[in-house]
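Listed below, chain by chain, are the residues.
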Amino acid sequence: MRVDIISIFPEYFAPLDVSLMGKARERGILDIRLHQLRDWTHDVHKTVDDTPYGGGPGMVMKPEIWGEAIDAVVAAALAERGVPGEPRMIVPTPSGRPFTQEVALEYAEEPWLLFAPARYEGIDSRVMAEYGSRLRVDEVGIGDYVLAGGEAAVLVMIEAVARLLPGVLGNARSVTDDSFAPGVMANLLEGPVYTKPPVWRGHEVPEVLLSGHHGKIARWRRDEALRRTLEKRPELASRLDPATLDAYDRKV
Ligand SMILES: Nc1cc(-c2cccs2)n[nH]1
């Protein structure tokens, strides 16, 4: 997967050099390119924003700069071998489509993502209009709270998407068993997990997990996932249908 990120803080994405993301990049599963938006400014101050038409607080990011940057980044990528068609453009915003595991799975199928994180009060809306007629442009939010800029949202989305790519996670199973993964785990939170030692500071591992009885262990895990979901996210539990629970039993 090719990922282009245009930002005034490209250094914000240093975390993508480490851990799973770093290894995925080394192995060529992820090809992440960072671009400094200010490289497309034309004034000595490298201005990227201006006051909003109609007044109001804060600053809005200028359309010309973004237009030149996106055109240049897309053209440069297309000039490289093996970059497919057109990118899926993702603009983080508090008012966007909620980013969920389902959206992460959708994005994990894309060969090329272009992220446009904004600072200030957002990007001039004509940028989305301009590219919406040529590319698939999604305005996406990662929760009902307001960040200072979209960079943190891009980090969250890239991690959630990249871990779904084949070869990124060691144990393929852990993706299908994710909380929120579609199918039998949809709307079920994962239950508690344990490892050695069997007793730690007087806390014992549940006996069933030491029994070696896979059927009982699976049922216990299902019951714990249900209990935790009902306790922490009752609104998810209300979406569970009997078929999901049956399927979950069948799966095990
Ligand atoms: N979910 C979400 C996105 C954002 C921002 C995106 C760009 C600037 S602030 N805040 N909260």
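In this text, all values refer to a predicted model and were calculated from it rather than measured experimentally.

## Here we look at the environment of Trp200
Then comes step 1: Residue position: Trp200 is located in strand 8 (residues 199-200).
Then comes step 2: C-alpha of Trp200 to C-alpha of Tyr53: the two residues are 147 residues apart in sequence and 62 Å apart in space.

## Here's the deal with the side chain of Thr229
Then comes step 1: By the element assignment, Thr229 lies in helix 7 (residues 214-232).
Then comes step 2: Given the relative accessible area of 0%, Thr229 is considered buried.
Then comes step 3: Reaching out from Thr229, the side chain makes a polar contact with the backbone nitrogen of Leu189 at a distance of 2.8 Å.
Then comes step 4: Within the structure, Thr229 has its side chain in polar contact with the backbone oxygen of Ala225 (distance 2.6 Å).

## Digging into the site of the ligand
Then comes step 1: Around the ligand sit Pro92, Thr93, Pro94, Ala118, Gly141, Ile142, Gly143, Tyr145, Val146, Leu147, Gly149 and Gly150, and those are all the residues in its vicinity.
Then comes step 2: At 2.9 Å from a nitrogen atom of the ligand is found a main-chain nitrogen or oxygen belonging to Ile142.
Then comes step 3: The separation between a nitrogen atom of the ligand and a polar main-chain atom of Leu147 is 2.9 Å.
Then comes step 4: For the ligand, the accessible surface in isolation is 310 Å², of which the surrounding protein chains cover 96%.
Then comes step 5: Tallying contributions element by element places strand 5 (residues 88-98) first for the shell around the ligand, with three residues.
Then comes step 6: The residue makeup of the shell around the ligand, split by class, is seven nonpolar, five polar and no charged.

## Considerations on the pairing of strand 1 (residues 2-7)
Then comes step 1: Most of strand 1 sits inside the fold, with six of its six residues counted as buried.
Then comes step 2: The two faces of strand 1 match: Arg2, Asp4 and Ile6 on one face and Val3, Ile5 and Ser7 on the other face are all buried.
Then comes step 3: In terms of strand pairing, strand 1 meets strand 2 (residues 31-36) through six bridges, oriented parallel. Residue pairing across strands places Arg2 opposite Asp31, the latter belonging to strand 2.
Then comes step 4: Taken together, strand 1, helix 1 (residues 19-26) and strand 2 constitute a β-α-β crossover, and its handedness is right-handed.

About the thresholds
- Residues numbered from 1 in each chain as written.
- Predicted model: local features only at pLDDT ≥ 70, side-chain atom pairs only at ≥ 80, totals over all residues.
- Heavy atoms only, no water.
- Helix = DSSP H or I, 4+ residues; strand = E, 2+ residues; numbered from the N terminus.
- Buried < 20%, exposed > 50% of the residue type's maximum accessible area, 1.4 Å probe, protein only.
- Polar contact = N/O pair within 3.5 Å; in protein donor to acceptor, adjacent residues only side chain to side chain.
- Near = heavy atom within 4 Å.
- Areas by Shrake-Rupley, 256 points an atom, 1.4 Å probe, with all protein chains shown as cover.
- Nonpolar A, V, L, I, M, F, W, Y, C, P; charged D, E, K, R; others polar.
- Pairing = 2+ DSSP bridges.
- Right-handed = clockwise from strand over helix to strand, strands pointing away.

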